[in-house]
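Residue-level structural notes
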Amino acid sequence: MLKEQALHYYEQGYNCAESLVYGTNAALKLNLDENACHLMAGLGGGLQVGDVCGALTGAVCALGCLIVKTKAHDCPELKPLTQAVVEQVRTRLGSLRCDEIKPRLFRPERRCAATVENCADILEAVLMEAGILTENGQNPDQTADQL
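Let me sum up the structure you'll find in this document. (Residues numbered from 1 in each chain as written. Predicted model: local features only at pLDDT ≥ 70, side-chain atom pairs only at ≥ 80, totals over all residues. Heavy atoms only, no water.)

Before going further, it helps to examine the overall build of the chain. In terms of regular secondary structure, the chain is built from eight helices and zero strands. Rg of the C-alpha trace for the chain: 14 Å, near the compact-globule value of 15 Å for 147 residues, within the 12% margin. By its C-alpha atoms, the chain is 45 × 30 × 30 Å across when sized along the principal axes. When each of the 147 residues of the chain is scored for burial, the buried share is 45%. Summarising the internal contacts of the chain: among those between residues at least 6 apart in sequence, 57% fall at separations of at least 24. Taking the average location of the 13 positive side-chain charges in the chain and that of its 19 negative ones, the two points are 6 Å from each other. (Helix = DSSP H or I, 4+ residues; strand = E, 2+ residues; numbered from the N terminus. Rg over C-alpha atoms; globule rule 2.2 N^0.38 Å. Buried < 20%, exposed > 50% of the residue type's maximum accessible area, 1.4 Å probe, protein only. Contact = heavy atoms within 4.5 Å. Lys, Arg positive; Asp, Glu negative; His and termini not counted. Charge placed at Lys NZ, Arg CZ, Asp CG, Glu CD.)

Quick look at the packing of helix α6 (residues 78-93) against helix α8 (residues 113-129) now. At a minimum axis separation of 10 Å, α6 and α8 run at an interaxial angle of 140°. Relative to α8, the element α6 lies oblique. In the packing of α6 onto α8, the handedness of the crossing is right-handed. For the pair formed by α6 and α8, the contact residues are Leu-81, Ala-84, Val-85, Gln-88, Val-89, Arg-92 and Leu-93 on the first element and Thr-115, Asn-118, Cys-119, Asp-121, Ile-122, Leu-123 and Val-126 on the second. Tallied by class, residues from the contact of α6 with α8 come to nine nonpolar, three polar and two charged. (Axes fitted to C-alpha atoms, helices over the stretch in contact; angles between N-to-C directions. Parallel < 35°, antiparallel > 145°, perpendicular 65-115°, else oblique. Left-handed = near helix turned anticlockwise from the far one by under 90°. Nonpolar A, V, L, I, M, F, W, Y, C, P; charged D, E, K, R; others polar.)

On to the nonpolar core. Counting 37 residues, the largest nonpolar core has Leu-63, Ile-67, Val-85, Val-89, Leu-123 and Leu-127 as its most contacted members. At the level of secondary structure, the elements contributing two or more residues to this core comprise α1 (2-11), α2 (16-28), α5 (54-67), α6 and α8. The element contributing the most residues to this core is α8, with eight residues. In terms of nonpolar packing, the next biggest core, distinct from the first, is built from six residues, Tyr-9, Ala-17, Val-21 and Cys-37 among them. (Core = buried A, V, L, I, M, F, W, Y, C linked by side-chain atoms within 4.5 Å.)

Before going further, it helps to examine the layout of surface pockets. Volume-wise, the second largest pocket comes out at about 150 Å³. Lining of the second largest pocket is provided by 13 residues; of these, Cys-16, Gly-45, Cys-98, Lys-102 and Cys-112 occupy positions nearest its centre. The leading source of residues in the lining of the second largest pocket is helix α7 (residues 98-105), at three residues. Tallied by class, the residues present in the lining of the second largest pocket amount to seven nonpolar, four polar and two charged. (1 Å grid on protein atoms, 1.4 Å probe; cavity = no way out; pocket = protein on both sides within 12 Å on 5 of 7 lines; lining within 4 Å. Points joined across faces, edges and corners; volume = space filled by probe spheres on them.)

With that out of the way, let us pick up the environment of Gln-48. Looking at the element boundaries, Gln-48 is found in helix α4 (residues 44-50). Taking the C-alpha atoms as reference points, Gln-48 and Thr-82, separated by 34 residues in sequence, lie 22 Å from one another. Not counting chain neighbours up to four residues away, the residues in contact with Gln-48 comprise Asn-15, Ala-41, Gly-42 and Leu-43.

Moving on, we come to α5. Taking 1.5 Å per residue as the helical rise, α5 with its 14 residues ought to reach 20 Å, and the 20 Å between its terminal C-alpha atoms agrees with that figure. Extensive coverage of α5 is indicated by the burial of 11 of its 14 residues. Along α5, the residues that are buried comprise Gly-54, Ala-55, Leu-56, Thr-57, Gly-58, Ala-59, Ala-62, Leu-63, Gly-64, Leu-66 and Ile-67. Elements that come into contact with the buried residues of α5 comprise α2, α4, α6 and α8. (Expected span 1.5 Å × (residues − 1).)

This is how it looks when you write it as structure tokens:
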């Protein structure tokens, strides 16, 4: 579910970081407005310089939007869940850096779609393992009227 939404945005021309946040916003009904999503623009392409993978930063930002209710310091789950996402990206993609991931996964016809898909899958798996998402992709804390 997350992967399909993130890929949809990526195919519409959004960068990797934007695609993770827009996709998570759509899939999990985070109710982020357009300006909140615009915050991701400069994070694509590894902060536009090949540094930390934009899809990873988008996944971590989406995680924060989903679980932080006031501020990061009031959310003890944020650190271990962020660490889980980061470690799984490092393991699966072999690096956290765009300029190291891109030579392996970039394809001219799909660009960085594989990286977007992998990061969305990792985010969804971490959320499910933590009990934040159910098998059907719903947040168990949301009531039926919120969905």
